[in-house]
Amino acid sequence: MNEPLFINPFTDFGFKKIFGEEQNKDLLIDFLNELLATQNQHISDLVFKKNDRLGSDDLDRKVVFDLYCENEEGEKFTVELQKAKQAFFKDRMLYYSSFSVQEQGQKGDWDYQLKAIYVIAILDFIMDEDNNDKIVVSKNKMMDIERYKVFYDKLTFVTLQMPNFSKKEHELESNFDKWLYVIKNLHKLDHIPERIQERVFQKLFKVASYTALSKEEKAKYEDSLKYYNDLKNSLDTAQQEGYQEARAEYEAKLEEEQKRTEQEKQRAEQEKQRAEQERTLKEEALATLENERKTFVQSVLNMHNLGLDKAQIAQITNRSIAEIEVLLEKE
């Protein structure tokens, strides 16, 4: 098996190697500055802080890789890469932000002024159920829902849905495009892209070089990659099984609906046939009655032509004289 050119940033080892080492923090600074450029945010320096409080259990720590840092202004940044979709992902982002709020508390006289807090999640899955817009980056703050104004400007949640990023190398326009392209495709590259030659990316490719890893680092990376592949296969299998189960359920419901529709169609056809039969019988009955009437009238006329008077005809036909008079007048 050929060795990869670069490590996978979606592994715990790869994520921490690229973004979480002191000597490489300029990579994280550049990425955050590109990501938060529209927030009028520019970071000059970062200090990594302990993040032991993040991740409540072993499973969470295995599917969520995170960094916690602070810039020169004291603003807090939680940067995480999440592998698996969670039912209450947004709740967890808010929970993470609460630690950055609480640690700013001061004893004694304090006016409650806080430094800005950013929770940034790089997702290896689609978060939004409605994915029609294929949104890659979503930036959210607390908002006044009546006036559509930001209520609190110092708390920002940023999500990057990496599966939605689909630009090819020749379509990359900005440095931020290049960051997204590198994060998503780094482990699949077999060469350094010609359009990505900026100094920060030259360092990134050097840091992420698989051959540049020490023997010990390669062993750690392989363990991390194995877990990544196992988790990915498990998620893909679960998704496929869920798809097959949903498809089987859909097909069963579709078959049931088709049977119901066919039964309703048959009932409608039977009702139509029954109505047609009733109409035919009614027409036949009316025709028979009309024939009988004509036959009766003709017999009355015949008897009248033979010289029988009305009383005699009435007696023979068992009708009243008045009825015979009416018939003879009409004819």
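Keep in mind that this is a model prediction, so the values were computed, not measured.

1. Things to note about the packing of helix H8 (residues 310-317) against helix H9 (residues 321-330)
Step number 1: Contact geometry for H8 and H9: axes closest at 9 Å, N-to-C directions at 110°. One way to sum up the angle between H8 and H9 is to call them roughly perpendicular. As H8 runs across H9, the sense of the crossing is right-handed. Along the contact surface, H8 presents Lys310, Ala311, Ile313, Ala314 and Thr317, while H9 presents Ile321, Ile324, Glu325 and Leu328.
Step number 2: Of the residues in the contact of H8 with H9, the class split is six nonpolar, one polar and two charged.

2. Some thoughts on the confidence of the model for the protein chain
Step number 1: When pLDDT is averaged along the protein chain, the result is 85; 89% of the residues meet or exceed 70.
Step number 2: Considering only residues more than four positions removed or in separate chains, one finds that residues 54-63, a stretch of pLDDT under 50, has 21 contacts.

3. Quick word on the environment of Tyr228
Step number 1: Among the secondary structure elements, Tyr228 is positioned in helix H7 (residues 215-305).
Step number 2: Here the alpha-carbon distance between Tyr228 and Asp12, two residues 216 residues apart in the chain, equals 8.3 Å.
Step number 3: The contact partners of Tyr228, leaving out residues within four places of it in the chain, are Asn8, Phe10, Thr11, Lys83 and Asp124.

4. Focus: the packing of aromatic side chains
Step number 1: Tallied over the full model, the rule gives 12 aromatic pairs.
Step number 2: Aromatic side chains Phe19 and Phe31 sit 5.6 Å apart centroid to centroid with 45° between the ring planes, which places their arrangement in the tilted category. Of this pair, Phe19 sits in helix H1 (residues 12-19) while Phe31 sits in helix H2 (residues 25-35), placing them 12 residues apart in sequence.
Step number 3: Overall, Phe31 belongs to the buried group, its relative accessible area being 1%.
Step number 4: Across the ring face of Tyr96, the terminal group of Arg92 is positioned such that the distance to the ring centre comes to 4.8 Å.

Here is what the cut-offs are and how they apply
Residues numbered from 1 in each chain as written. Predicted model: local features only at pLDDT ≥ 70, side-chain atom pairs only at ≥ 80, totals over all residues. Heavy atoms only, no water. Axes fitted to C-alpha atoms, helices over the stretch in contact; angles between N-to-C directions. Helix = DSSP H or I, 4+ residues; strand = E, 2+ residues; numbered from the N terminus. Parallel < 35°, antiparallel > 145°, perpendicular 65-115°, else oblique. Left-handed = near helix turned anticlockwise from the far one by under 90°. Contact = heavy atoms within 4.5 Å. Nonpolar A, V, L, I, M, F, W, Y, C, P; charged D, E, K, R; others polar. pLDDT = per-residue confidence, 0-100. Phe/Tyr/Trp six-rings, centres within 6.5 Å; stacked < 30°, edge-to-face > 60°. Buried < 20%, exposed > 50% of the residue type's maximum accessible area, 1.4 Å probe, protein only. Lys NZ or Arg CZ within 6 Å of the ring centre and 35° of its normal.

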